[in-house]
Amino acid sequence: QVQLVESGGGLVQAGGSLRLSCVASGGTFSRYNMGWFRQAPGKEREFVGAIRWSGSSTYYANSVKGRFTISRDNAKNTVYLEMNSLKHDDTAVYYCAADRNPLRAISASMWSVNYDCWGQGTQVTVSS
């Protein structure tokens, strides 16, 4: 059973930065494509970005492209979401998720149905 635990959320002013972490346990992290999603109050969960199991490629939603960066350290079973130039609209609960099919194309990472393990989420609040 894969478990994912996010951390690093908090309150930040618009224009500021945060780095989220997601630590995996109980599985073979280095074989999982990893994704980040977010859900704002009253809205559906939306894709933020993803990184291939090898770290060789990433894929981002247009809304965060150029501001957010996903990276991973397979030796530490950890994936990161570096968020810069934060906006009020980035306020949401952020979730990491694992896709245990390493053969899936990164372009398919935007679909939440492809992920079978989810963390509990971490709140990010951006004050305007």
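Before any of the text, the structure's been laid out above.
Residues numbered from 1 in each chain as written. Predicted model: local features only at pLDDT ≥ 70, side-chain atom pairs only at ≥ 80, totals over all residues. Heavy atoms only, no water.

Student: Would you mind going over the packing of aromatic side chains with me for this structure?
Tutor: Think of a pair of aromatic rings as described by two things: how far the centres are apart, and how the planes are tilted against each other in angle. The final tally for this structure, using the stated rule, is five aromatic pairs. Aromatic pair Phe-37 and Phe-47: ring centres 5.6 Å apart, planes at 70 degrees, arrangement edge-to-face. Of this pair, Phe-37 sits in strand S4 (residues 33-39) while Phe-47 sits in strand S5 (residues 46-51); the two residues are ten residues apart in sequence, bridging distant segments of the chain. In this structure an aromatic cluster arises from ring pairing among Phe-37, Phe-47, Tyr-59, Tyr-115 and Trp-118. If you follow Arg-72 out to its NZ or CZ, it ends over the ring of Phe-29, 4.4 Å from the centre. (Phe/Tyr/Trp six-rings, centres within 6.5 Å; stacked < 30°, edge-to-face > 60°. Helix = DSSP H or I, 4+ residues; strand = E, 2+ residues; numbered from the N terminus. Lys NZ or Arg CZ within 6 Å of the ring centre and 35° of its normal.)

Student: Sorry, what's going on with the environment of Met-83 here?
Tutor: Among the structural elements, Met-83 can be located in strand S8 (residues 78-83). In this structure Met-83 comes out as buried when scored by relative accessible area, which is 0%. Sequence-wise, Met-83 and Gly-66 are 17 residues apart; in three dimensions their C-alpha atoms are separated by 9.6 Å. In this view, Met-83 contacts Gly-16, Ser-17, Leu-18, Leu-20, Arg-67, Phe-68, Tyr-94 and Val-124; residues no more than four positions away in its chain are not counted. (Buried < 20%, exposed > 50% of the residue type's maximum accessible area, 1.4 Å probe, protein only. Contact = heavy atoms within 4.5 Å.)

Student: What should I look at first to understand the pairing of S5 in this one?
Tutor: For a regular strand, the rule is simple: side chains alternate between the two faces of the sheet. Summarising burial for S5: five of the six residues are buried, a large majority. Examined bridge by bridge, S4 and S5 share five bridges and lie antiparallel to one another. Each residue of the ladder has a partner; that of Trp-36, found in S5, is Gly-49. If you look at the hairpin formed by S4 and S5, you'll find six residues sitting between the two strands, and Gly-42 has a positive phi there, around 75 degrees. When S5 meets strand S6 (residues 58-60), the two strands line up antiparallel, connected through three bridges. Residue Ala-50 lies in a different strand from S6, and its bridge partner there is Tyr-59. Counting the residues that bridge the hairpin from S5 to S6 gives six residues, and of these Gly-55 lies at a positive phi of roughly 80 degrees. (Pairing = 2+ DSSP bridges.)

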